[in-house]
Amino acid sequence: GENVEQHPSTLSVQEGDSAVIKCTYSDSASNYFPWYKQELGKRPQLIIDIRSNVGEKKDQRIAVTLNKTAKHFSLHITETQPEDSAVYFCAASPYGRGKLTFGQGTILTVHP
Amino acid sequence: ETGVTQSPTHLIKTRGQQVTLRCSSQSGHNTVSWYQQALGQGPQFIFQYYREEENGRGNFPPRFSGLQFPNYSSELNVNALELDDSALYLCASSWTGDEQYFGPGTRLTVT
C-alpha cells in the first residue's frame, strides 16, 4: 500500500518568513495530493491540492509543487502570519478513489 | 450548502462495548470516508462508502463496520471496543472521491 513520509515534524519561523514542508510517497499509482491544515481541536481543512498532470499550483500565499519522477511534493507558504500556526498534513491517493494516506504531520509555529 | 456534521461530539465507552458514530455528508456529496486519528498522528483511512456500497477498506479489523443511507449519511460501528480504539473519528464527504471535506469529528474514549 501507499506510504507517505512528511518532514519536518516541527517548523518554527518568524512572521513574514517562508515555510516549506516536504512529503514523499511510495505508490506510483497515486495521482492526487491534497494538503490539510488542522488547528488545535478542529477539523482538518483542505487548503490546496494538486493532481499529477500539473507540476505546480498556487493560491495566494500558498503553493504546492509536485515531482512525479522523484515521488515528492511540497507545500510552500510565503509571508507567513501567526494565524498560519497549525498542524499541516500532506496526503496521497489514487485519482478518484479518495482513499487518502496521510503523512505524520508538521507542527508549524509562526512567531510574531 | 451545509457542511459535514458528526454526532456525538464526545463519547466515553467501556472496553468490550459497542459504539455507533454518525455522519451527515455535505449537500451534493455521495461519497463518505471514515478516518481514525490517534493523538499526534495523521488520520488513518478506515473505509469508504459510495452510493451505499463499501468502496475500499484500510487496515482495520472486521469489528469496524459501516453503513451508508440513501441520503448519503453514514454510520461507523465498532464492536468489542479496545483501549487502542480511543481516538478522534473523522468522516469526510466528497463528490468525486477526491476533494474530501471533513466533519468536526467524534472523540471516543475507551476506558
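Rules of the game
Chains are numbered independently. Their residues run from 1 in the order of the written sequence. The lettering of chains begins at A and the numbering of ligands begins at 1, in the order of writing. In view of the model being predicted, local features appear only for residues whose pLDDT reaches at least 70, and side-chain atom pairs are presented and counted only at 80 or more, with totals across whole chains, interfaces and linings using the full set of residues. Side-chain descriptors were evaluated using all non-hydrogen atoms of the structure, hydrogens and water having been removed beforehand. Only heavy atoms matter for contacts: two residues are in contact if any of them lie within 4.5 Å across the pair. Two parts lose some accessible area (1.4 Å probe) when they are put together, and adding that loss for both gives the buried area. Each helix is a run of DSSP H or I of at least 4 residues and each strand a run of E of at least 2, with the numbering of both proceeding from the N terminus. All amino acids are sorted into three groups, where Ala, Val, Leu, Ile, Met, Phe, Trp, Tyr, Cys and Pro are nonpolar, Asp, Glu, Lys and Arg are charged, and the leftover types, Gly among them, are polar. For salt bridges, the criterion is a side-chain nitrogen of Lys or Arg within 4 Å of an Asp or Glu carboxyl oxygen. For the exposure calls, accessible area comes from a 1.4 Å probe over protein chains only, and a residue counts as buried if that area is under 20% of its type's maximum, exposed if over 50%, partly exposed in between. When DSSP finds two or more bridges between two strands, those strands count as paired. Helix axes are fitted only over the stretch in contact, all axes being lines through C-alpha atoms; the angle between N-to-C directions runs from 0 to 180 degrees.

Novice: Please set out the interface of chain A and chain B residue by residue, giving values where relevant.
Specialist: Tallying the contact residues gives 20 residues for chain A and 23 residues for chain B. For the pair chain A and chain B, the two sides together bury roughly 1,500 Å², of which 50% comes from carbon and sulfur. Broken down residue by residue, the surface that chain A buries against chain B is led by A:R43, A:K99 and A:F102, which jointly contribute 32%. Looking at the side of chain A that touches chain B, the elements that each hand over two or more residues are β4 (30-38), β5 (45-51) and β9 (86-94) of chain A. For the side of chain A that touches chain B, a count of residues per class yields 9 nonpolar, 6 polar and 5 charged.

Novice: Talk me through the pattern of salt bridges; I want residue IDs and the actual numbers.
Specialist: On inspection of all chains with the given rule, the structure shows 8 salt bridges over all chains. B:E75 serves as the salt-bridge partner of B:R22, at 3.5 Å between the closest nitrogen and oxygen. A residue pair is termed long-range when its members are at least 10 positions apart, and B:R22 in strand β3 (residues 19-24) and B:E75 in strand β8 (residues 74-78) qualify at 53 residues. With relative accessibility at 43%, the residue B:R22 sits in the partly exposed group. Close ionic contact of B:R57 with B:E54 constitutes a salt bridge, the shortest N to O distance being 3.4 Å. Each member of the salt-bridge network shares a partner with another, and the members are A:R51, B:D98 and B:E99.

Novice: Requested: an account of the sheet that holds β8(B), with residues and values cited.
Specialist: Residues and elements named next belong to chain B. Ordered in space as β1-β3-β8-β7, the 4 strands form an open sheet in which the pairing is antiparallel. The open sheet is flanked by β1 (5-7) and β7 (64-68), the only strands paired with a single partner. On average, each strand axis in the sheet is inclined to that of its neighbour by 20°, with strand direction left out of account. Bridge count between β1 and β3: 3 bridges; the pairing is antiparallel. Note on β3: the bridge partner recorded for Q6 is C23.

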